[in-house]
Amino acid sequence: TKPGHTHKTTRRITTMRNVTTQHTCNKRWMCRRQKSRRVDARSKRKQSIARADAASTPNTDVPSEAGRASYRPNSYKDLVEDAIRATCTALERGYNRVEVDYPSLPNAADSYSGASDDYVDANVQQAIAAGRWLRETKGWRSHIVVPDNEELNRSYNMFKSALELEDGISMGSLTGKVQGFGAAAWEELSFLFGAVGRIDEMVLQKAEEASKEADVFFFINASTIELPEVESYVDRIVGDRPALLWNMELDTLRSDLGLFGFPSKDVHYRFLSQFLPAFYIRQRDYSKSVSVAPFLINYSGALFREFPGPWQVMLRQDGGLLACVAEDKERLTLFDFKEELLKAMGLDTEEKGSTLEFLRRGYKTATWWEEDIKQESSSNWRS
């Protein structure tokens, strides 16, 4: 054999070894990469499961007594949970008459500017969600009370599946079973002329039984005319058990008290004043004209309270964040709330005691329910 052939054979064997070694390294690298991907996939699955568990587990953190420096919930579900956590804190501290007030619909003002059915249905849905939270975290049974049997018939049929699936959540009405010949005749006539649908007697029977076993009562969607019925229901049936006025916009209802055809102001002095605002958001939009460009400045904010924190004046930022600019242990009037927003914006430019300041502020700076302290049976609604 020629010497050159030996060198060629040696080079060929060396090349094959190099290729084999490289192939083995590539194979090992691919195995490590696949293993790493499997580990990453398992890790991501674990993280996803952990996030899902965290999302499904109610947050039971107690609200801070110092309040919030800013507020913007991540979702509407978070807002409802913040409201019920503040409510639970109030109930655990001995308050059994509690008010909760926040915008019923996302991106909506606190007044009924849209279709009333949307607000009615949203309040029922959120009361059911709050009742579910109480059942999961506290083991409490909730009874949702609507104004009359007609609304009970409508809401019960709409949310029938949710009510039947949820253990410990029931629904009834202020009216309850119709008593007396006159009331029964009126209900029959209403059904015959198509005003309302006939409600099943079994539903009323279940509602009556559930009201006896309930641990907490949610009152929703009542009007000013129906406030005395709410008071009567609380006295007769609720007793010492917790009663929650849930998103009833009490400030709007109070403004009608004392007018012709409406209940007297005593309803506030005697009954509504007992209810502690555990979670409260009242949004307001304002504007002020100035002598330089842009000549008109719009600003907005919210009066905010999350028990056991103080009452806070929140100024709305461009991104929708509510930032605290002032706070007080006692409830601020709407006038004081507006004045604090003006100070935060640097728009309180009138000289103190001047005519311009009087014209801007006006003669009346408080409503009758904010002024009449001596007639109230309780100061809870201010604290």
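Refer to the preceding data block for the structure.
Starting from 1, residues in each chain are numbered consecutively following that chain's sequence as written. Thresholds applied to this predicted model are a pLDDT of at least 70 for local features of residues and 80 or more for the giving and counting of side-chain atom pairs; totals over whole chains, interfaces and linings are not thresholded and use all residues. The side-chain numbers reported here are obtained from all heavy atoms of the structure, hydrogens and water having been left aside.

> Looking at this structure, how should I read the sheet that holds strand β10 (residues 322–328)?
Each pair of strands is called paired provided DSSP finds at least two bridges between the two strands. By the criteria applied, helices consist of DSSP H or I runs no shorter than four residues and strands consist of E runs no shorter than two, each listed in order from the N terminus. Taking strand neighbours across the sheet as the criterion, the ten strands line up as β1-β10-β9-β8-β7-β2-β6-β5-β3-β4 in an open arrangement whose pairing is mixed. What marks the edges here is a single partner per strand, and that holds for β1 (70–71) and β4 (169–173). Bridge count between β1 and β10: two bridges; the pairing is antiparallel. Pairing of Ser70 across the sheet is with Ala323, part of β10. Residue contacts are counted whenever heavy atoms from the two residues lie within 4.5 Å of one another. Helix axes use the C-alpha atoms of the stretch in contact, all axes being lines fitted to C-alpha atoms, and the angles between their N-to-C directions lie in the range 0 to 180 degrees. Sheet strands touched by helix α2 (residues 76–92): β1, β2 (97–101), β5 (216–219), β6 (243–246), β7 (276–289) and β8 (296–306). Its angle to β7, the strand with the most contacts, is close to 130°.

> How do you make sense of the pattern of salt bridges when you look at a structure like this?
Side-chain pairing between opposite charges can occur once the charged atoms of the two side chains come close. A pairing counts as a salt bridge when a side-chain nitrogen of Lys or Arg comes within 4 Å of a carboxyl oxygen of Asp or Glu. Using the criterion set out here, one finds 17 salt bridges in the structure. A salt bridge links Asp251 to Arg254; the shortest N-O distance between them is 3.0 Å. Placement of both Asp251 and Arg254 in helix α9 (residues 250–254) is noted, with a separation of three residues, approximately one turn of the helix. In this structure Asp251 comes out as buried when scored by relative accessible area, which is 7%. Think of it in three bands: residues with accessible area under 20% of the maximum for their type are buried, residues over 50% are exposed, and the middle band is partly exposed, with areas taken using a 1.4 Å probe on protein chains only.

> I'm lost on a negative patch on the surface in this one. Help?
Only residues whose relative accessible area exceeds 30% and that form no salt bridge are eligible for patches; like-charged ones are grouped when within 9 Å, while nonpolar side chains (Val, Leu, Ile, Met, Phe, Trp, Tyr) are grouped when within 5 Å. Under the convention used here, a 1.4 Å probe and the Shrake-Rupley method define accessible areas, while residue burial counts only the protein chains that appear. For the purpose of counting charges, residues Lys and Arg are taken to be positive, whereas Asp and Glu are taken to be negative. His and the chain ends are not included. Lysine's charge is taken at NZ, arginine's at CZ, aspartate's at CG and glutamate's at CD. On the surface, Glu327, Asp328, Glu330 and Asp336 cluster together into a patch of negative charge. Note that Asp336 resides in helix α11 (residues 334–345).

> Sorry, what's going on with α2 here?
Residues spaced three or four apart along an α-helix face the same direction, because each turn holds 3.6 residues. Here the expected length of a helix is defined as 1.5 Å per residue gap, with one fewer gap than residues. Over its 17 residues, α2 runs 25 Å from end to end, which matches the ideal 24 Å to within 8%, given 1.5 Å per residue. The buried count for α2 comes to 13 of 17 residues, which makes it a mostly enclosed element. Residue Gly94 follows α2 closely and has a positive phi angle near 100°.

> Can you help me understand the nonpolar core in this one?
Burial of nonpolar side chains together is a common tendency in soluble globular proteins. Among buried residues, those of type Ala, Val, Leu, Ile, Met, Phe, Trp, Tyr and Cys that are joined through side-chain atoms within 4.5 Å constitute a nonpolar core. Counting residues in hydrophobic clusters, the biggest one holds 42 residues, and the most contacted among them are Ile84, Tyr102, Ile144, Phe218, Trp246, Phe279 and Ile281. Ranked by residues supplied to this core, first place goes to α2 with eight residues. Not counting chain neighbours up to four residues away, the residues in contact with Phe279 comprise Tyr71, Leu79, Asp82, Ala83, Ala86, Glu99, Val100, Asp101, Tyr102, Phe304, Arg305 and Glu306. Ala214, Phe217, Phe219 and Leu227 belong to the second-largest nonpolar core, a separate cluster that totals 25 residues.

> Help me out: how do you make sense of the packing of α2 against helix α3 (residues 116–137) in this one?
When two helices pack together, their arrangement is given by the angle between their axes and by how far apart the axes lie. Closest axis-to-axis distance for the α2/α3 pair is 10 Å, and the angle between their directions is 55°. By the angle between their axes, α2 is oblique relative to α3. The element α2 and its partner α3 pack so that their crossing is right-handed. Facing Tyr76, Val80, Glu81, Ile84, Arg85 and Cys88 of α2, the residues of α3 in contact are Gln126, Ala130, Trp133 and Leu134. Taken together, the residues of the contact of α2 with α3 break down into seven nonpolar, one polar and two charged. When describing relative orientation, an angle under 35 degrees is termed roughly parallel and one over 145 degrees roughly antiparallel, while 65 to 115 degrees is termed roughly perpendicular and anything else oblique. By definition, turning the near helix anticlockwise from the far helix through less than a right angle yields a left-handed crossing, and turning it clockwise yields a right-handed one. Each residue is assigned to one class: nonpolar for Ala, Val, Leu, Ile, Met, Phe, Trp, Tyr, Cys and Pro, charged for Asp, Glu, Lys and Arg, and polar for all the others, Gly among them.

> Mind showing me how you'd approach the pairing of β10 here?
Across six bridges, the pairing between strand β9 (residues 311–316) and β10 is antiparallel. Note on β10: the bridge partner recorded for Trp311 is Asp328. Here β9 hands over to β10 after five residues, with Gly320 in that stretch at a positive phi of 95°.

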